[in-house]
Amino acid sequence: MEFIPYALPMIGKEEIAEVVDTLESGWLTTGKKTKDFETQFADYIGAEFALAVNSATAGLHLALEALGVGPGDKVITTVHTFTATAEVIRYLGADPVFVDIEGDSFNIDVDEVESAIEAHENVKVIIPVHYAGQAANIDRLMGIAKKHGIKILEDAAHALPATHNSKKVGTMGDITVFSFYANKTITTGEGGMIVTNNAEYRDRMSCMRLHGISRDVFDRFTSKKPSWHYNVVAPGYKYNLTDIASSIGMHQLKKADILKARREAIAQAYNEGFAGLPLKTPYLVNPEDVHSWHLYVVQLDLDSLTISRDRFIELMAESGIGTSVHYIPLHRHPYWKENYKLDARCFPKSEYAYNRIVSLPNYPKMSDEQVERVIKTVRSILVENMKGG
Ligand SMILES: *Cc1c(COP(=O)(O)O)cnc(C)c1O
(Lines give C-alpha, C1' and ligand atoms only; values in the text may rest on other atoms or scores of the structure.)
Protein backbone atom coordinates (compact mmCIF):
# COMPACT_ATOMS: atom_id res chain seq x y z
CA MET A 1 0.00 0.00 0.00
CA GLU A 2 1.32 3.41 -1.01
CA PHE A 3 2.04 5.73 1.93
CA ILE A 4 0.51 9.21 1.68
CA PRO A 5 2.90 11.55 3.50
CA TYR A 6 1.55 14.39 5.60
CA ALA A 7 3.24 17.03 3.40
CA LEU A 8 5.25 17.27 0.17
CA PRO A 9 6.56 20.28 -1.75
CA MET A 10 5.68 20.88 -5.42
CA ILE A 11 8.88 21.68 -7.30
CA GLY A 12 8.67 22.05 -11.08
CA LYS A 13 11.03 22.26 -14.03
CA GLU A 14 11.18 26.06 -13.74
CA GLU A 15 12.62 25.97 -10.21
CA ILE A 16 15.18 23.33 -11.18
CA ALA A 17 16.29 25.21 -14.33
CA GLU A 18 16.65 28.46 -12.35
CA VAL A 19 18.78 26.78 -9.67
CA VAL A 20 21.03 25.28 -12.35
CA ASP A 21 21.33 28.72 -13.99
CA THR A 22 22.36 30.19 -10.63
CA LEU A 23 24.90 27.45 -9.94
CA GLU A 24 26.44 28.00 -13.37
CA SER A 25 26.48 31.78 -12.96
CA GLY A 26 29.13 31.72 -10.24
CA TRP A 27 27.02 33.91 -7.88
CA LEU A 28 25.62 31.65 -5.17
CA THR A 29 25.02 33.92 -2.18
CA THR A 30 22.69 36.92 -1.90
CA GLY A 31 22.72 38.82 -5.20
CA LYS A 32 20.57 39.86 -8.12
CA LYS A 33 18.16 36.93 -7.96
CA THR A 34 17.41 37.61 -4.31
CA LYS A 35 16.83 41.31 -5.12
CA ASP A 36 14.47 40.26 -7.92
CA PHE A 37 12.65 37.81 -5.63
CA GLU A 38 12.20 40.59 -3.05
CA THR A 39 10.81 43.01 -5.65
CA GLN A 40 8.42 40.36 -7.00
CA PHE A 41 7.30 39.47 -3.48
CA ALA A 42 6.66 43.11 -2.49
CA ASP A 43 4.61 43.56 -5.70
CA TYR A 44 2.63 40.38 -5.06
CA ILE A 45 1.70 41.47 -1.54
CA GLY A 46 1.32 45.15 -2.35
CA ALA A 47 3.84 46.21 0.32
CA GLU A 48 6.60 48.83 0.03
CA PHE A 49 9.53 46.67 1.09
CA ALA A 50 10.39 42.98 1.17
CA LEU A 51 13.53 41.51 2.73
CA ALA A 52 14.53 37.91 2.08
CA VAL A 53 15.91 35.98 5.06
CA ASN A 54 17.12 32.42 5.63
CA SER A 55 14.11 31.51 7.82
CA ALA A 56 10.92 33.02 9.17
CA THR A 57 12.43 32.61 12.63
CA ALA A 58 15.30 34.90 11.57
CA GLY A 59 12.74 37.32 10.13
CA LEU A 60 10.73 37.44 13.37
CA HIS A 61 13.95 38.07 15.31
CA LEU A 62 15.02 40.92 13.01
CA ALA A 63 11.53 42.41 13.16
CA LEU A 64 11.35 42.47 16.96
CA GLU A 65 14.85 43.97 17.07
CA ALA A 66 13.83 46.71 14.63
CA LEU A 67 10.70 47.38 16.71
CA GLY A 68 13.02 48.13 19.62
CA VAL A 69 12.21 45.11 21.81
CA GLY A 70 14.76 44.47 24.56
CA PRO A 71 15.20 43.33 28.16
CA GLY A 72 12.26 44.24 30.40
CA ASP A 73 9.82 44.45 27.49
CA LYS A 74 6.75 42.26 27.10
CA VAL A 75 5.43 40.77 23.87
CA ILE A 76 1.92 39.29 23.74
CA THR A 77 1.41 36.13 21.70
CA THR A 78 -0.63 32.93 21.55
CA VAL A 79 0.20 29.58 23.18
CA HIS A 80 -1.25 27.79 20.17
CA THR A 81 1.74 28.14 17.85
CA PHE A 82 5.16 26.81 16.98
CA THR A 83 7.87 27.68 19.50
CA ALA A 84 9.64 29.92 16.96
CA THR A 85 6.96 32.59 17.44
CA ALA A 86 7.88 32.93 21.12
CA GLU A 87 11.58 32.02 21.19
CA VAL A 88 12.55 35.15 19.24
CA ILE A 89 11.18 37.24 22.13
CA ARG A 90 13.69 35.50 24.42
CA TYR A 91 16.55 36.06 21.92
CA LEU A 92 16.22 39.76 22.76
CA GLY A 93 15.91 39.24 26.51
CA ALA A 94 12.25 40.25 26.53
CA ASP A 95 9.42 38.11 27.94
CA PRO A 96 6.33 36.70 26.28
CA VAL A 97 2.85 37.16 27.73
CA PHE A 98 0.83 34.19 26.57
CA VAL A 99 -2.89 34.31 25.84
CA ASP A 100 -5.48 31.73 24.77
CA ILE A 101 -7.08 31.29 21.33
CA GLU A 102 -10.58 31.78 19.97
CA GLY A 103 -12.44 28.47 19.84
CA ASP A 104 -13.51 28.64 16.19
CA SER A 105 -10.43 29.87 14.28
CA PHE A 106 -7.72 28.96 16.83
CA ASN A 107 -6.41 32.50 16.30
CA ILE A 108 -5.29 34.71 19.19
CA ASP A 109 -8.21 35.75 21.44
CA VAL A 110 -8.47 39.51 21.01
CA ASP A 111 -10.42 40.05 24.26
CA GLU A 112 -7.61 38.31 26.12
CA VAL A 113 -5.05 40.49 24.35
CA GLU A 114 -6.90 43.52 25.75
CA SER A 115 -6.86 42.05 29.28
CA ALA A 116 -3.15 41.22 28.96
CA ILE A 117 -2.38 44.83 27.98
CA GLU A 118 -4.26 46.04 31.09
CA ALA A 119 -2.44 43.52 33.31
CA HIS A 120 1.16 44.17 32.15
CA GLU A 121 3.45 47.15 31.84
CA ASN A 122 5.93 47.57 29.00
CA VAL A 123 3.95 45.67 26.38
CA LYS A 124 5.76 46.66 23.18
CA VAL A 125 4.51 44.27 20.52
CA ILE A 126 1.68 41.81 19.80
CA ILE A 127 2.46 38.80 17.59
CA PRO A 128 -0.72 37.26 16.14
CA VAL A 129 -0.32 34.01 14.19
CA HIS A 130 -2.63 33.50 11.21
CA TYR A 131 -3.37 29.94 12.23
CA ALA A 132 -3.60 27.42 9.38
CA GLY A 133 -3.78 30.33 6.93
CA GLN A 134 -6.93 32.01 8.23
CA ALA A 135 -6.23 35.65 9.12
CA ALA A 136 -6.52 36.68 12.76
CA ASN A 137 -8.75 39.64 13.52
CA ILE A 138 -6.06 42.12 12.52
CA ASP A 139 -8.38 45.10 12.14
CA ARG A 140 -9.46 44.84 15.77
CA LEU A 141 -5.91 44.14 16.95
CA MET A 142 -4.59 47.18 15.05
CA GLY A 143 -7.21 49.39 16.70
CA ILE A 144 -6.22 48.17 20.17
CA ALA A 145 -2.50 48.43 19.40
CA LYS A 146 -2.81 52.00 18.13
CA LYS A 147 -4.72 53.08 21.22
CA HIS A 148 -1.89 51.79 23.46
CA GLY A 149 1.11 52.67 21.26
CA ILE A 150 1.89 48.98 20.72
CA LYS A 151 3.22 47.52 17.43
CA ILE A 152 1.88 44.50 15.53
CA LEU A 153 4.23 41.85 14.13
CA GLU A 154 2.29 39.30 12.08
CA ASP A 155 3.53 35.71 12.07
CA ALA A 156 2.26 34.88 8.59
CA ALA A 157 4.20 31.60 8.29
CA HIS A 158 0.92 29.92 7.18
CA ALA A 159 -0.73 32.81 5.40
CA LEU A 160 0.51 33.11 1.80
CA PRO A 161 -1.83 34.05 0.30
CA ALA A 162 -4.53 35.22 2.72
CA THR A 163 -6.73 38.28 3.14
CA HIS A 164 -8.70 39.94 5.93
CA ASN A 165 -11.55 42.34 5.11
CA SER A 166 -10.28 42.49 1.49
CA LYS A 167 -6.73 43.42 2.55
CA LYS A 168 -3.81 41.09 1.91
CA VAL A 169 -1.97 39.67 4.90
CA GLY A 170 1.32 41.55 4.77
CA THR A 171 -0.22 44.98 4.25
CA MET A 172 -1.81 45.50 7.68
CA GLY A 173 0.56 45.05 10.63
CA ASP A 174 3.73 47.06 11.20
CA ILE A 175 5.87 44.15 10.01
CA THR A 176 4.83 40.75 8.61
CA VAL A 177 6.94 37.61 8.25
CA PHE A 178 6.32 34.68 5.87
CA SER A 179 8.02 31.27 5.91
CA PHE A 180 9.38 29.25 3.00
CA TYR A 181 10.19 26.16 5.08
CA ALA A 182 9.88 22.92 3.09
CA ASN A 183 6.25 22.20 4.02
CA LYS A 184 4.88 25.77 3.83
CA THR A 185 2.58 27.10 1.08
CA ILE A 186 5.58 28.08 -1.06
CA THR A 187 9.11 26.95 -0.31
CA THR A 188 12.78 27.68 -0.84
CA GLY A 189 13.84 24.64 1.24
CA GLU A 190 14.57 26.97 4.14
CA GLY A 191 13.80 30.68 3.94
CA GLY A 192 11.46 33.51 4.74
CA MET A 193 10.39 37.01 3.76
CA ILE A 194 9.81 40.12 5.86
CA VAL A 195 7.49 42.81 4.51
CA THR A 196 6.83 46.30 5.83
CA ASN A 197 5.81 49.74 4.62
CA ASN A 198 8.14 51.44 7.10
CA ALA A 199 11.49 52.55 5.63
CA GLU A 200 13.13 52.92 9.04
CA TYR A 201 12.34 49.32 10.00
CA ARG A 202 13.43 48.19 6.54
CA ASP A 203 16.82 49.93 6.90
CA ARG A 204 17.45 48.50 10.36
CA MET A 205 16.46 44.94 9.39
CA SER A 206 18.48 45.12 6.18
CA CYS A 207 21.57 46.15 8.13
CA MET A 208 21.09 43.62 10.96
CA ARG A 209 20.38 40.84 8.46
CA LEU A 210 24.06 40.96 7.40
CA HIS A 211 26.41 41.50 10.37
CA GLY A 212 25.31 45.09 11.00
CA ILE A 213 27.16 46.14 7.87
CA SER A 214 25.72 49.30 6.41
CA ARG A 215 25.87 48.10 2.77
CA ASP A 216 24.96 44.57 1.69
CA VAL A 217 27.42 42.16 0.09
CA PHE A 218 26.00 42.51 -3.39
CA ASP A 219 26.45 46.30 -3.38
CA ARG A 220 29.88 45.80 -1.93
CA PHE A 221 31.05 43.79 -4.92
CA THR A 222 29.16 45.56 -7.68
CA SER A 223 29.03 49.26 -6.80
CA LYS A 224 31.60 51.76 -8.04
CA LYS A 225 32.94 52.46 -4.54
CA PRO A 226 36.08 50.53 -3.51
CA SER A 227 34.83 46.97 -2.97
CA TRP A 228 36.88 46.30 0.14
CA HIS A 229 35.32 49.14 2.15
CA TYR A 230 32.40 48.78 4.56
CA ASN A 231 31.20 50.04 7.95
CA VAL A 232 30.00 47.90 10.82
CA VAL A 233 27.43 49.88 12.79
CA ALA A 234 26.00 47.13 15.05
CA PRO A 235 26.66 43.51 16.10
CA GLY A 236 24.31 42.07 13.47
CA TYR A 237 23.32 38.56 12.44
CA LYS A 238 23.85 36.26 9.44
CA TYR A 239 20.31 35.91 8.14
CA ASN A 240 20.57 36.59 4.38
CA LEU A 241 18.95 34.29 1.79
CA THR A 242 21.10 32.78 -0.98
CA ASP A 243 20.45 33.26 -4.68
CA ILE A 244 20.15 29.46 -4.90
CA ALA A 245 17.14 29.58 -2.56
CA SER A 246 15.71 32.69 -4.24
CA SER A 247 15.86 30.86 -7.59
CA ILE A 248 13.36 28.38 -6.19
CA GLY A 249 11.33 31.10 -4.47
CA MET A 250 10.71 33.31 -7.50
CA HIS A 251 9.06 30.44 -9.39
CA GLN A 252 7.16 29.21 -6.34
CA LEU A 253 5.78 32.74 -5.92
CA LYS A 254 4.45 32.74 -9.50
CA LYS A 255 2.51 29.57 -8.62
CA ALA A 256 1.27 30.74 -5.20
CA ASP A 257 -2.33 31.30 -6.36
CA ILE A 258 -2.54 28.05 -8.34
CA LEU A 259 -1.14 26.08 -5.39
CA LYS A 260 -3.67 27.76 -3.10
CA ALA A 261 -6.56 26.91 -5.44
CA ARG A 262 -5.61 23.24 -5.31
CA ARG A 263 -5.39 23.20 -1.48
CA GLU A 264 -8.76 24.95 -1.35
CA ALA A 265 -10.30 22.33 -3.65
CA ILE A 266 -8.93 19.54 -1.45
CA ALA A 267 -10.30 21.27 1.67
CA GLN A 268 -13.69 21.53 -0.04
CA ALA A 269 -13.60 17.82 -0.95
CA TYR A 270 -12.74 16.97 2.67
CA ASN A 271 -15.53 19.17 4.04
CA GLU A 272 -18.05 17.37 1.84
CA GLY A 273 -16.52 13.92 2.36
CA PHE A 274 -16.63 14.22 6.16
CA ALA A 275 -20.28 15.30 6.38
CA GLY A 276 -22.17 13.46 9.11
CA LEU A 277 -19.05 12.17 10.89
CA PRO A 278 -18.26 12.85 14.56
CA LEU A 279 -15.72 15.56 13.77
CA LYS A 280 -15.73 19.30 13.21
CA THR A 281 -14.32 20.53 9.90
CA PRO A 282 -12.47 23.87 9.64
CA TYR A 283 -14.32 26.90 8.34
CA LEU A 284 -13.81 30.60 7.67
CA VAL A 285 -15.06 32.86 10.45
CA ASN A 286 -15.24 35.70 7.86
CA PRO A 287 -16.56 33.95 4.74
CA GLU A 288 -15.24 36.72 2.44
CA ASP A 289 -11.66 36.34 3.63
CA VAL A 290 -9.14 34.33 1.60
CA HIS A 291 -7.80 31.31 3.52
CA SER A 292 -4.44 29.94 2.34
CA TRP A 293 -5.44 26.43 3.51
CA HIS A 294 -1.86 25.75 4.59
CA LEU A 295 -3.31 23.40 7.21
CA TYR A 296 -6.53 21.41 7.14
CA VAL A 297 -7.30 20.77 10.82
CA VAL A 298 -10.27 18.70 12.01
CA GLN A 299 -11.48 18.36 15.61
CA LEU A 300 -12.59 14.89 16.66
CA ASP A 301 -15.86 14.74 18.62
CA LEU A 302 -14.45 12.68 21.50
CA ASP A 303 -17.85 12.44 23.21
CA SER A 304 -19.10 10.31 20.31
CA LEU A 305 -15.97 8.19 19.92
CA THR A 306 -14.44 5.25 21.80
CA ILE A 307 -10.88 6.27 20.73
CA SER A 308 -8.58 9.17 21.60
CA ARG A 309 -7.01 11.58 19.12
CA ASP A 310 -3.67 9.77 19.57
CA ARG A 311 -5.25 6.42 18.73
CA PHE A 312 -6.90 7.96 15.65
CA ILE A 313 -3.47 9.12 14.45
CA GLU A 314 -2.08 5.58 14.98
CA LEU A 315 -4.92 4.05 13.01
CA MET A 316 -4.37 6.55 10.17
CA ALA A 317 -0.65 5.66 10.11
CA GLU A 318 -1.51 1.94 10.04
CA SER A 319 -3.67 2.70 7.01
CA GLY A 320 -0.71 4.44 5.34
CA ILE A 321 -1.66 8.07 5.88
CA GLY A 322 0.57 10.65 7.56
CA THR A 323 -1.01 13.27 9.80
CA SER A 324 0.23 15.88 12.25
CA VAL A 325 -0.86 18.00 15.24
CA HIS A 326 -0.68 21.80 15.15
CA TYR A 327 0.28 22.44 17.85
CA ILE A 328 1.41 20.97 21.12
CA PRO A 329 0.58 24.27 22.89
CA LEU A 330 3.54 26.13 24.35
CA HIS A 331 2.19 25.79 27.92
CA ARG A 332 2.80 22.04 27.57
CA HIS A 333 6.49 22.39 26.75
CA PRO A 334 8.91 22.25 29.72
CA TYR A 335 10.83 25.44 28.89
CA TRP A 336 7.77 27.69 28.61
CA LYS A 337 5.76 25.93 31.29
CA GLU A 338 8.50 26.07 33.92
CA ASN A 339 10.00 29.48 33.20
CA TYR A 340 6.68 31.27 32.84
CA LYS A 341 4.73 29.19 35.40
CA LEU A 342 2.12 28.42 32.76
CA ASP A 343 -0.98 26.58 33.97
CA ALA A 344 -3.00 24.65 31.38
CA ARG A 345 -6.18 25.85 33.13
CA CYS A 346 -5.39 29.39 31.92
CA PHE A 347 -5.61 28.22 28.29
CA PRO A 348 -8.81 26.14 28.20
CA LYS A 349 -9.58 26.66 24.52
CA SER A 350 -6.08 25.71 23.40
CA GLU A 351 -6.21 22.65 25.71
CA TYR A 352 -9.63 21.64 24.41
CA ALA A 353 -8.38 21.97 20.82
CA TYR A 354 -5.11 20.17 21.52
CA ASN A 355 -6.90 17.01 22.68
CA ARG A 356 -9.04 16.85 19.55
CA ILE A 357 -7.11 18.26 16.58
CA VAL A 358 -5.55 16.40 13.69
CA SER A 359 -4.00 17.99 10.60
CA LEU A 360 -4.72 15.95 7.48
CA PRO A 361 -2.57 15.92 4.31
CA ASN A 362 -3.48 18.92 2.12
CA TYR A 363 -0.94 19.76 -0.57
CA PRO A 364 -1.15 20.36 -4.32
CA LYS A 365 0.82 17.26 -5.21
CA MET A 366 -1.95 15.01 -3.84
CA SER A 367 -3.93 13.24 -6.55
CA ASP A 368 -7.74 13.04 -6.49
CA GLU A 369 -7.35 9.32 -5.72
CA GLN A 370 -5.21 10.11 -2.68
CA VAL A 371 -7.73 12.69 -1.45
CA GLU A 372 -10.46 10.09 -1.89
CA ARG A 373 -8.42 7.54 0.06
CA VAL A 374 -7.95 9.95 2.97
CA ILE A 375 -11.72 10.56 3.06
CA LYS A 376 -12.54 6.83 2.95
CA THR A 377 -9.97 6.03 5.64
CA VAL A 378 -11.15 8.77 8.02
CA ARG A 379 -14.77 7.66 7.47
CA SER A 380 -14.10 4.01 8.17
CA ILE A 381 -11.96 4.65 11.27
CA LEU A 382 -14.55 6.98 12.79
CA VAL A 383 -17.55 4.83 11.91
CA GLU A 384 -15.88 1.73 13.36
CA ASN A 385 -15.08 3.54 16.60
CA MET A 386 -18.31 5.34 17.34
CA LYS A 387 -19.89 4.97 20.78
CA GLY A 388 -22.85 2.59 20.76
CA GLY A 389 -21.79 1.47 17.29
C1 LIG B 1 7.03 27.37 10.30
C2 LIG B 1 6.66 28.38 11.30
C3 LIG B 1 7.59 29.31 11.81
C4 LIG B 1 9.06 29.23 11.52
O5 LIG B 1 9.36 29.25 10.17
P6 LIG B 1 10.85 28.90 9.71
O7 LIG B 1 10.92 29.44 8.30
O8 LIG B 1 10.99 27.42 9.76
O9 LIG B 1 11.78 29.60 10.62
C10 LIG B 1 7.14 30.29 12.66
N11 LIG B 1 5.85 30.35 13.04
C12 LIG B 1 4.94 29.47 12.60
C13 LIG B 1 3.51 29.61 13.05
C14 LIG B 1 5.31 28.44 11.74
O15 LIG B 1 4.41 27.54 11.34
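About the thresholds
- Residues numbered from 1 in each chain as written.
- Predicted model: local features only at pLDDT ≥ 70, side-chain atom pairs only at ≥ 80, totals over all residues.
- Heavy atoms only, no water.
- Helix = DSSP H or I, 4+ residues; strand = E, 2+ residues; numbered from the N terminus.
- Rg over C-alpha atoms; globule rule 2.2 N^0.38 Å.
- Buried < 20%, exposed > 50% of the residue type's maximum accessible area, 1.4 Å probe, protein only.
- Pairing = 2+ DSSP bridges.
- Axes fitted to C-alpha atoms, helices over the stretch in contact; angles between N-to-C directions.
- Contact = heavy atoms within 4.5 Å.
- Parallel < 35°, antiparallel > 145°, perpendicular 65-115°, else oblique.
- Left-handed = near helix turned anticlockwise from the far one by under 90°.
- Nonpolar A, V, L, I, M, F, W, Y, C, P; charged D, E, K, R; others polar.
- Near = heavy atom within 4 Å.
- Polar contact = N/O pair within 3.5 Å; in protein donor to acceptor, adjacent residues only side chain to side chain.
- Areas by Shrake-Rupley, 256 points an atom, 1.4 Å probe, with all protein chains shown as cover.

Engineer: Could you give an account of the overall build of the protein chain, with specific residues and numbers?
Structural biologist: When its secondary structure is counted, the protein chain shows 14 helices and 12 strands. Against the globule reference of 21 Å for 389 residues, the protein chain gives a C-alpha radius of gyration of 22 Å, in line with a compact fold. Taken along its principal axes, the extent of the C-alpha atoms in the protein chain is 80 × 55 × 35 Å. With 389 residues in all, the protein chain has 55% of them scored as buried.

Engineer: Please give an account of the sheet that holds strand β9 (residues 192–196) that cites residues and values.
Structural biologist: With mixed pairing, the seven strands of this open sheet are ordered in space as β1-β9-β8-β5-β4-β2-β3. The open sheet terminates on both sides in strands that have one partner only, identified here as β1 (49–53) and β3 (95–99). When the angles between neighbouring strand axes are averaged without regard to direction, this sheet yields 20°. As paired elements, strand β8 (residues 175–179) and β9 share five bridges and run antiparallel to each other. In the strand pairing of β9, Ile175 is matched with Thr196. Most of the contacts of helix α6 (residues 138–148) go to strand β5 (residues 151–155), to which it runs at about 150°, and overall it touches β4 (123–127) and β5.

Engineer: An account of the packing of helix α3 (residues 56–66) against helix α7 (residues 199–209) is needed here, citing residue identities and associated values.
Structural biologist: It is the contact of α3 with α7, at a shortest axis distance of 9 Å, that shows an interaxial angle of 125°. Between α3 and α7, the angle falls in the class oblique. Taken as a pair, α3 and α7 cross one another with a handedness that is right-handed. Here α3 contributes Leu62, Ala63, Glu65 and Ala66 to the contact with α7, which in turn contributes Tyr201, Arg204, Met205, Met208 and Arg209. Along the lines of polarity and charge, the residues of the contact of α3 with α7 split into six nonpolar, no polar and three charged.

Engineer: Lay out the site of the ligand in plain terms, naming residues and giving numbers.
Structural biologist: Looking at the ligand, there are 15 residues lining it, with Thr57, Asp155, His158, Ser179 and Lys184 nearest. Take Thr57: an N or O atom from its side chain is 2.5 Å from an oxygen atom of the ligand. Interatomic distance of 2.8 Å between a side-chain N/O atom of Asp155 and a nitrogen atom of the ligand. For the ligand, the protein covers 93% of the area, taking 380 Å² as the surface of the free molecule. Looking at the shell around the ligand residue by residue, the classes come out as six nonpolar, seven polar and two charged.

Engineer: Give me the packing of α3 against helix α4 (residues 83–91): which residues, what numbers.
Structural biologist: At a minimum axis distance of 9 Å, the contact between α3 and α4 shows a crossing angle of 45°. Taken as axis vectors, α3 and α4 run oblique relative to one another. In the packing of α3 onto α4, the handedness of the crossing is right-handed. Across from Thr57, Leu60, His61 and Leu64 in α3, the residues of α4 making contact are Ala84, Thr85, Glu87, Val88, Ile89 and Tyr91.

Engineer: An account of the pairing of β9 is needed here, citing residue identities and associated values.
Structural biologist: Within β9, five of the five residues are buried, which leaves it mostly tucked inside the rest of the structure. Every second residue of β9 is oriented toward a common face, with Gly192, Ile194 and Thr196 on one face and Met193 and Val195 on the other, all of them buried. Bridge count for β1 against β9 is five bridges, and the pairing is antiparallel. If you follow Ala52 over to β9, its bridge partner there is Met193.

This is a description of form; function is not addressed.
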